[in-house]
Amino acid sequence: MTTKLFGERVQRREDARLITGQGRFLDDLGANALAAAFVRSPHAHARIRDVDVSAALDVEGLVAIYTWEDLPGLLAEPLPLLIPHPALTHGRTGHALARDIVRHVGEPVVMVVAADRYVAEDACSLIEVDYEILKPVVGVEEAAEAVNLVHADVPGNVGAHLVQEVPSPDGLSAREAIEAAPHTLAFRLDIERSASMPLEGKGVYARWDADDQSLRVYSSTQTSTSVRMAVAAKLGLPLPKVEVVAPDVGGGFGVKIVHPWPEEILVPWAARLLDREVKWTEDRREHFISSAHERAQVHHVRVGFDDDGRVLGLDVNILHDHGAYTPYGIIVPIITSTQLVGPYKIGAYRVEFSSIYTNTVQVTPYRGAGRPQGVFCMERTMDRIAAHLGLDRTEVRTANFIQPGEFPYDQGMTFQDGRPLIYDSGDYPESLRMLKELIGWDSFPAMKAEAAAEGRAIGIGVGCYVEGTGVGPYEGGHVQITSDGRVHVSTGLTSQGQGHETVFAQIAATELGVPIEKVSVVTGDTRRFGYAVGTFASRAAVMSGNAIALACRKVRDKALKVAADALEADPRDLEITDGVVHVAGTPSASIPLATVAVLSNPLRYAFDKETQRATQFAGAQDDDRPPVADGEEPGMEGKDYYSPIRSTFASGMHAAIVETDPLTAEIKILRYVVVHDCGKLINPMIVEGQIHGGVGQGVGGALYEKMVYDEHGQLLNASFMDFLMPYATEVPRIETAHLETPSPLNPLGVKGAGEAGVIPVSAVIAAAIEDAEGITIDRMPISPSDLYSLRAETRLRKIQ
Amino acid sequence: MKPPPFDYHRPAGLGEALQALAEAGSHGKVLAGGQSLIPLLNMRLAAPGHLVDINGLTELATISADASGVRVGALARHAAVERDGSARAVQPLLAQALALVAHPVIRNRGTVVGSLVHADPSAEMPAVLALLGGSVRLARLGGERDVHARDFFVGPLESACLPGEMAVSAFFPALPERSGTAFCEVARRHGDYAVAGVAAAVTLDEDFRIIAARVACVSVGPVPVVVDVTGVCGQRPPASVDWDEVARAVQDRIEPEGDIHATAGYRRHLTGVLVTRALRGAAQDAARSGANDAGEGRA
Amino acid sequence: MSERTGEHRHAITLTVNGVLREAAVPARRLLSDCLRHDLGLTGTHVGCEHGVCGACTVLLDGEPVRSCLTFAVTVDGHEITTVEGLAERGELSPVQRAFSECHGLQCGFCTPGFLCTVTAFLRDNRTPTDEEVLEAVSGNLCRCTGYQNIIKAVHRAAEIQAEESG
Ligand SMILES: Cc1cc2nc3c(=O)[nH]c(=O)nc-3n(C[C@H](O)[C@H](O)[C@H](O)COP(=O)(O)OP(=O)(O)OC[C@H]3O[C@@H](n4cnc5c(N)ncnc54)[C@H](O)[C@@H]3O)c2cc1C
Ligand code: FES
Ligand code: FES
């Protein structure tokens, strides 16, 4: 490998179009498409008695109105349950248009197609739906009491129940280990609802080609290949007649991995039925009330530990609020359950969760996907143990760390991919050392005392996590070198701003020895690559990155073979530099890759001067061999897949110093420090960007963002005015350091980095506030008003 | 989120605007900066039959300051008022408060008068007008009236501006010499409407003792809550005022409510803290201006 | 706009990125929609349509405003600059270059709003302090970057601007 780009801070190639307004996002397409809009349920729980569309029929520009009754065949069936699981005994999904019962505010009831969105909304406002209001179920604990049911056929509102037990090395169950432990603690921890909230909402645009009987669908999705399969199946179309393209996507963070959204099948269906282009662009209010949320969980923790703070037994009981439906199964509570244990050796572990229906927007993964909750549990537990024993909080963590020599380390559970939870590599003690040094952990007490002398309250917190990344089953890569010397790379998974075009080009350029300018990358376009899973779980760089590397290696081998024939050399003596194959040490004996590509494709018809070299009378062939030898294929292209035996485990540790205002209870983050280990870095600039963005969202989740439902199931803050995503003024400067423990599991030695930044933030900020205030923090997010109430309660308790 | 249809009027002059408003009656609304009205339209929370767009009436984009105070025309944008040197000199509280209104880009478009008519109990400008005892000039076809701030703010999002009327300007009186002002607030995010906020004005006598002190509180009642605390302060220098007592006096007068961002109790507490901060700030400001005046007098 | 609706349309003329453009729009047409869908300038993005996110920010007579909180009819006869108009004669502006150089964008959805806001800011304040930079971008949401590289990019753009004019 001579063209070294892997590991460099290569500038992003996506930027050129995005900074000039030339990006193509979903709503930028389909200038002539009709617009779809939806009548959505204003009630959290109701029976639809009647839909009266008559008043809307006079709206000029109206094209069509559809209700559930209009939907044919599979379209009328419930939406797919994407990830079934034996423990999900009562999985339920909604319909593309509500059938008779609506189960959350925002559920689509009527679809309107009109000349433009303005007119479509006019028509929507004139459609009258008669509802019989049913009792709403709001709040996970209320739901667990099951006074009212979300689904009449789901007893207790329980969709799933799962227990995982890992006994201690000497065979004790967690509960036995806790009983036997010298110290025990029990407490409750809460995390509230938030959401991915990408700045671009969802959107679908479909074109039906009546002549060709084929469908082209554009969707702002994290998985175009799976949308394609779902659309083909629901519409009864042959798969080859359906193409799905993810254009530029304005952020995903999880919500766009769910599919097919009702609109993703309704819009193509209507386009075909009407033989007109149809587009739906989700607006912000729709995104709040009809996409997906995450995070809300209640955790009851019991822990037993020894005098050094070593955890002997841990028993966690989780109530997971999965909203009205379970299209994405129970991935979130499974991840919480399994990733909770973090970088630690827990003596014996028992985790149990119940996944509960409520009349609220469905819950599916949002960046971090259950890990922020798990880490909140584990790290708050570590801090409680330290407080109980009067030990330094980092000492307790150190006492529990898995040591560098102990990898692969088997946590004894089943991970979210159905595979054993075995950590591949890491160096947790070194991470913590680096973190403490960066933040100045040991000198903090002096700093705190100094601040206190000035009447200021400051506190420090730390949080550690391990993140299973790059989950299977697979991704693929296709690489083609054309006769002009250009390299075309494609992979099926999609991009939402992670810089895949750049990173994959770096990998291809490095593997093939070509200048990066020669490489172009396409993601998320089923016309180019049909088999893929999608972009989620910090998997793109690991999965597609390795697949592309493997595909490049195939192409490289082939190129060297063809070049060796032409140069009459041994392929083992050849190198590729700057797009030219040459004999090592003899630069004059060389042949450009472009020519190699020409020679690899025996031609009858030349289309330019260069390709004349590959035609049948050019004399370049061996008369005793067929032009395309056995086992060979024409052309300089290769495809390969990467399918790992299991996930690779990235890790990291964050620390923060916060200041709390003694009067106003405002909370300010003074410093935020991250030590991050995602194995080998392909592009440190991009990895740092991912961390910054993750921490930014983490700060939102810790101090600002929550979805507030009232007792009627109305979302009270369904706007950016009241759902407080942080601005630049709310996010602190983030200091980062990298540690690289390569993954032994994949050829590139990389681990995922997409989600990491967000994971421990709530735990870290809670710890720092607790340290500043001397008040236990067991519920996040926390606002100044919350802190004020906590102070008042604490004062009251002290007086009593 | 697209606005419903409406009939659009783009008057060429004030008379035409008033004519259009008169004809539209209760179905008519003025469109000024649109920074509050258009979000409501986009969410279809408002559906006026007629919109009278005053953005072409540049004659209303006026800011005039003299010794008595600052008169701000209906088309004067927040940003223009904030930057206006003479307005700042005559009534510094305007710029102090405007820096807390939304974000700079919103201030490029939103108008001070629009903000008053909109009468959001969390907004800064109504509190400023109420604190200073200013007034709003309302014009209608064939007439005009000035409404004092105390009568102008009727309830949350409700002002005394009647159907058919247009607010053509607002007057923010200047304060006597040796006066100072301050605006302190706490918002969830920078630029958000305040969870609680306090505008304060203090006037000192020649011996730098407080002879007048008032606050106006936002987000703790249906309209800005103005409390005269001159009596509680006593005729004392700021350093010997019992600020806790002053804060309590104000806290007794407000009616905060809880919402998703803060409890009523926190708002009450915070208002107390901010009353002290704002009054002290205003007193310092007054002392500075008194010292400057004295300096100028000697020179 | 394929199908005409019965609504009354107003003929308006805008100078967009230096080019005179005409459109016939209903009064309720938001400037954001007019730019994107009537004039085909889709670089201006729409993230909330209630004024909070700033993705739709364009320059109106040189000053940044929310195009989602402006009716196209209101700005008849005025000058608009969108992200498509920031590069001059094919050359990227200092602000555009700085955003790319500092990795100040990820998905790029918020970027046009930031670029327009910052362009006007650095025109009026060529040597901003840290605090002024923060205030300048404080009305624009970005869900991807955590803002750190955006802030860096604004400083860098000021630097480039100074280098090139000095
Ligand atoms: C993201 C965001 C954040 C904001 N944050 C704040 C904040 O922190 N503090 C704050 O105070 N404001 C805030 N605002 C509101 C902003 O200040 C508005 O500009 C202001 O409230 C209204 O002024 P306007 O000119 O835009 O009025 P418009 O939106 O045009 O009108 C508002 C109302 O007043 C009426 N009206 C306007 N002018 C007249 C007139 N001359 N005569 C009669 N009726 C009239 C209209 O009919 C309408 O009912 C925010 C707005 C946004 C979008
Ligand atoms: S779209 Fe205009 S501010 Fe969000
Ligand atoms: S780069 Fe995606 S929202 Fe800012």
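Bear in mind that the values here come from a model prediction, so they are computed numbers and not experimental data.

**Student:** Help me understand the side chain of Ser 355 of chain A, please; the structure alone is not making it clear to me.
**Tutor:** Residues and elements named next belong to chain A. Residue placement: Ser 355 occurs in strand S15 (residues 348-356). The class of Ser 355 is buried, set by a relative accessible area of 0%. Reaching out from Ser 355, the side chain makes a polar contact with the side chain of His 322 at a distance of 2.5 Å. Leaving out residues up to four positions away in the same chain, Ser 355 has contacts with Asn 157, Val 158, Gly 159, Ala 160, His 320, His 322, Ile 330 and Pro 333.

**Student:** Explanation requested: the interface of chain A and chain C in the structure shown.
**Tutor:** Quoted interface sizes are often the accessible area lost when the parts come together. At the interface, 61 residues of chain A touch 49 residues of chain C. Together, the buried faces of chain A and chain C total about 4600 Å²; carbon and sulfur atoms form 56% of this surface. Three residues, Ile 19, Tyr 118 and Leu 199 of chain A, lead the burial of chain A against chain C; their summed loss comes to 18% of the area buried on that side. Here chain A and chain C share four salt bridges between them. We note a salt bridge from Arg 143 of chain C to Glu 705 of chain A, for which the minimum N-O separation is 2.7 Å. Connecting chain A to chain C are 23 residue pairs in polar contact (both at pLDDT 80 or more).

**Student:** Can you help me understand the domain arrangement of chain C in this one?
**Tutor:** Residue and element names in this part refer to chain C. Partitioning chain C into domains gives domain 1 (9-85) and domain 2 (94-165). Here the C-alpha centroids of domain 1 and domain 2 sit 22 Å apart. Counting from both sides, the interface comprises 18 residues of domain 1 and, opposite them, 15 residues of domain 2. Counting the surface lost from both domain 1 and domain 2, the interface buries some 1100 Å², and carbon and sulfur atoms represent 59% of this. Of all residues in domain 1, His 45, Cys 53 and Val 83 bury the most surface against domain 2, accounting for 36% of the area lost on that side.

**Student:** Looking at this structure, how should I read the interface of chain B and chain C?
**Tutor:** Opposite the 30 residues of chain B that make contact, chain C presents 29 residues. Between chain B and chain C, the buried area comes to about 2300 Å², and carbon and sulfur atoms account for 59% of it. It is Tyr 8, Val 105 and Arg 109 of chain B in chain B that bury the most area against chain C; as a group they hold 22% of the surface buried on that side. Taken together, chain B and chain C are joined by three salt bridges. Its salt-bridge partner being Lys 2 of chain B, residue Asp 33 of chain C comes within 2.8 Å of it at the nearest N-O pair. Here chain B and chain C share 12 residue pairs in polar contact (both at pLDDT 80 or more) between them. Going through the elements one at a time, helix H2 (37-42), strand S3 (50-53) and helix H6 (104-107) of chain B are the ones with two or more residues in the side of chain B that touches chain C.

The rules behind the values
Residues numbered from 1 in each chain as written. Chains lettered and ligands numbered in written order. Predicted model: local features only at pLDDT ≥ 70, side-chain atom pairs only at ≥ 80, totals over all residues. Heavy atoms only, no water. Helix = DSSP H or I, 4+ residues; strand = E, 2+ residues; numbered from the N terminus. Buried < 20%, exposed > 50% of the residue type's maximum accessible area, 1.4 Å probe, protein only. Polar contact = N/O pair within 3.5 Å; in protein donor to acceptor, adjacent residues only side chain to side chain. Contact = heavy atoms within 4.5 Å. Buried area = accessible area lost by both parts, 1.4 Å probe. Salt bridge = Lys/Arg side-chain N within 4 Å of Asp/Glu carboxyl O. Domains from an automatic or database assignment.

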